[in-house]
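Reading the structure
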Amino acid sequence: MTTDGLHVRHVLTRKRAVLADSLRVVRSTVREMHRDRFLLRVVGSFVVVVVGGLILWRTFGKTSTGVRKPGSRSLVIGLRFFAVLCLQHLVASWLFGKWIGQPLATLRQGWRRLLPRLPAFAACAALLAWLDRSVGDSLAGSLARGAAGFGFSYVLSYAIPAAAAYRSGMFTAFRWSYHALRTTFGADLFAWSGVWLVNGAVALIAALPDAFDLYAPTSSADGKFSLAGKLLNWFVVLPTTMVAQAVGAAFVTVIFFALRENRAPAGFPKDPVETVSGLQLDD
């Protein structure tokens, strides 16, 4: 085998090892959240709230002529982002508290910690909804909005767990996020591959209504679902999306714990946590 061939094989072997470590951390976080039915209770409650909100929007979000009210789509998207941010904060609070020996006694305690963050979360959700809105934009404008939305979402993926882990406001959480990004910069770019695979699987599930032509035949231009499409969207796509968001928040919470305590959380293998954090941890 040539030198170039050996180099390629070495790189592929290393990337495969990083992927395996990332998936091990993802599996460990899912196992951790599933204990005590925590994930089921939190995700289930959020799905009920979001589905209820969608039903109310479809019932009361039209004018007397049956036309959707202007801005209603942006409002729904903003509320969805808001629910996701709240879910991520609850998951991160529960896990981080458990790992440092200060577990939340009840889910109500997690809600009390969440309440002061709601105005900041609402502002972040509104900005994400505005960036998601590309009606009337040129191609360049749509691309710019999409890039800005992706960048802000990536920053929030660190800031929300940071706010939960350090019980701080969002401005302080953004500073912690910057500190974490600088400190863990040595992690392989492929270290988040486990989360990417989870999100990729959810994206495939979310594409099912379109793939199986579950839009109403007379209103596909309006993006309206048939009854089967609505049921699939509400009871399959939404729950899996919430689970994926919870897993992503838990994954970043592992990194913040390793950064603060210089060790892996109890029950997590050390080497994979070192891989995803880029840190050398204590035994």
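Residues numbered from 1 in each chain as written. Predicted model: local features only at pLDDT ≥ 70, side-chain atom pairs only at ≥ 80, totals over all residues. Heavy atoms only, no water.

Next up on the list: the packing of aromatic side chains. The tally for this structure, following the rule as stated, stands at 12 aromatic pairs. Ring plane angle 70° and centroid distance 5.8 Å describe the contact between Trp-99 and Phe-257, whose orientation is recorded as edge-to-face. In this pair, Trp-99 sits in helix H3 (residues 72–99) while Phe-257 sits in helix H10 (residues 227–261), placing the two residues 158 residues apart along the sequence. We note that Trp-99, like Phe-257, is buried. Consider the rings of Tyr-166 and Phe-256, whose centres lie 6.1 Å apart with planes at 80°: the pair is edge-to-face. With Tyr-166 in the loop between helix H6 (139–165) and helix H7 (170–183) and Phe-256 in helix H10, this residue pair connects regions lying 90 residues apart in the sequence. Overall, Tyr-166 belongs to the buried group, its relative accessible area being 19%. (Phe/Tyr/Trp six-rings, centres within 6.5 Å; stacked < 30°, edge-to-face > 60°. Helix = DSSP H or I, 4+ residues; strand = E, 2+ residues; numbered from the N terminus. Buried < 20%, exposed > 50% of the residue type's maximum accessible area, 1.4 Å probe, protein only.)

What follows is about helix H8 (residues 193–206). The terminal C-alpha atoms of H8, which comprises 14 residues, lie 20 Å apart, in line with the 20 Å expected from a rise of 1.5 Å per residue. Considered for burial, the residues of H8 that qualify are Ser-193, Gly-194, Val-195 and Val-202. (Expected span 1.5 Å × (residues − 1).)

Attention shifts here to the packing of helix H5 (residues 118–132) against H6. Running from amino to carboxyl end, H5 crosses H6 at an angle of 155°, the nearest separation of the two axes being 9 Å. By the angle class used here, H5 and H6 are roughly antiparallel. The hand of the H5/H6 crossing is left-handed. Taken together, the residues of H6 that come into contact with H5 (itself represented by Phe-121, Cys-124, Leu-127, Leu-128, Trp-130 and Leu-131) are Arg-145, Ala-148, Gly-149, Phe-152, Ser-153, Leu-156 and Ile-160. Looking at the contact of H5 with H6 residue by residue, the class counts come to 10 nonpolar, 2 polar and 1 charged. (Axes fitted to C-alpha atoms, helices over the stretch in contact; angles between N-to-C directions. Parallel < 35°, antiparallel > 145°, perpendicular 65-115°, else oblique. Left-handed = near helix turned anticlockwise from the far one by under 90°. Contact = heavy atoms within 4.5 Å. Nonpolar A, V, L, I, M, F, W, Y, C, P; charged D, E, K, R; others polar.)

So, about H10. Taking 1.5 Å per residue, 35 residues should reach 51 Å; H10 reaches 50 Å between its end C-alpha atoms and fits that length. At Asn-233, H10 shows its strongest bend, of approximately 35°. At the exit of H10 stands Asn-262, carrying a positive phi of roughly 55°. (Bend = angle between axes of the 7 residues up to and from the residue.)

Looking at the protein chain, pLDDT values average 82 and 84% of them are 70 or higher. Contacts for the low-pLDDT stretch residues 218–222, under 50 throughout, to residues beyond four places or in other chains number 2 contacts. (pLDDT = per-residue confidence, 0-100.)

This part covers the packing of H8 against H10. Packed helix pairs are characterised by how far apart their axes lie and by the angle those axes make with each other. Packing of H8 against H10 leaves a shortest axis separation of 9 Å and a crossing angle of 170°. By the criterion of interaxial angle, the relationship of H8 to H10 is roughly antiparallel. Within the contact between the two elements, H8 uses Val-195, Val-198, Asn-199, Val-202, Ile-205 and Ala-206 and H10 uses Val-236, Val-237, Thr-240, Thr-241, Ala-244, Gly-248 and Phe-251. Grouping the amino acids of the contact of H8 with H10 by side-chain chemistry returns 9 nonpolar, 4 polar and no charged.

Time to look at unusual backbone geometry. Even without a glycine there, the phi angle at Arg-167 is positive, about 50°. The residue Arg-167 is located in the loop between H6 and H7 in this model. The backbone of Asn-262 sits at a positive phi, close to 55°, despite the residue not being glycine. Following the sequence through the fold, Asn-262 ends up in the loop between H10 and helix H11 (270–277). Judged by its relative accessible area of 28%, Asn-262 is partly exposed.

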